[in-house]
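Overview (structure and organization)
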Amino acid sequence: MKDGIQNLIYSLGGEGCYTLCLLDVAEEYLGHSVNILDVVIRAINKGYIYYDWSNWKNSQNFYVEKPAMFLKLATGVDWMVLHENAGRLPNGKNQYIIRRYERTNTTKTYSHFSRDTFQPYLNNGTEKYGTEVSTRLCVPSVPSPCAPALPALEGTK
């Protein structure tokens, strides 16, 4: 067990919404859960996710530096993670969407990530009262092993 693990978990709960959404994509792709702490700590150690072990209150903690590499670490396959306009919908199988929301008050802009099928933080005010500003489109290089097989084309049976 690493010293400061409780601080890491606390920080993940407060600042790790994008990290958790990417892990949800990985779990949906794989069809089973992943060991969240193991994957997160390995990603921090590799530099895919920023985390300041000496200051768990650092506002940059859980900034995802390399989302495609983080997904590869979690799933074992290559990914593309594209920054798209708000409102983007998947247009095929094996496309996973993460939405980014913002809400500004007089002194600060808050941001939050979630998926249509997963809320890392229930009743989040930024999502509830803010605006969707962009989308992350996650596309694996290999179709999900859990995706249903495509039907055979006419005349190929």
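Just above, that's the structure.
Fair warning: this is a prediction, and the values are worked out from it, not measured in the lab.

**Quick notes on the nonpolar core**
Counting residues in hydrophobic clusters, the biggest one holds 34 residues, and the most contacted among them are L22, L23, F62, F70, W79, I98 and C138. Going through the elements one at a time, α1 (5–15), α2 (17–30), α3 (36–46), α4 (67–75) and β4 (96–104) are the ones with two or more residues in this core. Residue contributions to this core peak at ten residues, all from α2. Discounting chain neighbours no more than four positions away, the residues touching C138 are L22, V25, L71, W79, M80, V81, N94, Q95, Y96 and I98.

**A look at the side chain of N61**
Looking at the element boundaries, N61 is found in the loop between β1 (49–50) and β2 (63–64). Note on N61: relative accessible area 2%, which makes it buried. Here N55 takes part through its backbone oxygen, which lies 3.1 Å from a polar atom of the side chain of N61. Discounting chain neighbours no more than four positions away, the residues touching N61 are S11, E15, Y50, Y51, D52, N55 and W56.

**A short note on the sheet that holds β4**
Across the sheet, which stays open at both edges, the four strands sit in the order β3-β6-β4-β5 with antiparallel pairing between neighbours. Each of the sheet's edge strands pairs with one partner strand only, and the pair in question is β3 (79–85) and β5 (109–114). Averaged over all pairs of adjacent strands, the angle between their axes in this sheet comes to 20°, without regard to strand direction. Here β4 pairs with strand β6 (residues 131–140) via seven bridges, running antiparallel. By the bridge assignment for β6, Y96 is matched with C138. The strands touched by α4 are β3 and β6; relative to β3, the strand with the most contacts, the crossing angle is about 140°.

About the criteria used
- Residues numbered from 1 in each chain as written.
- Predicted model: local features only at pLDDT ≥ 70, side-chain atom pairs only at ≥ 80, totals over all residues.
- Heavy atoms only, no water.
- Core = buried A, V, L, I, M, F, W, Y, C linked by side-chain atoms within 4.5 Å.
- Buried < 20%, exposed > 50% of the residue type's maximum accessible area, 1.4 Å probe, protein only.
- Helix = DSSP H or I, 4+ residues; strand = E, 2+ residues; numbered from the N terminus.
- Contact = heavy atoms within 4.5 Å.
- Polar contact = N/O pair within 3.5 Å; in protein donor to acceptor, adjacent residues only side chain to side chain.
- Pairing = 2+ DSSP bridges.
- Axes fitted to C-alpha atoms, helices over the stretch in contact; angles between N-to-C directions.

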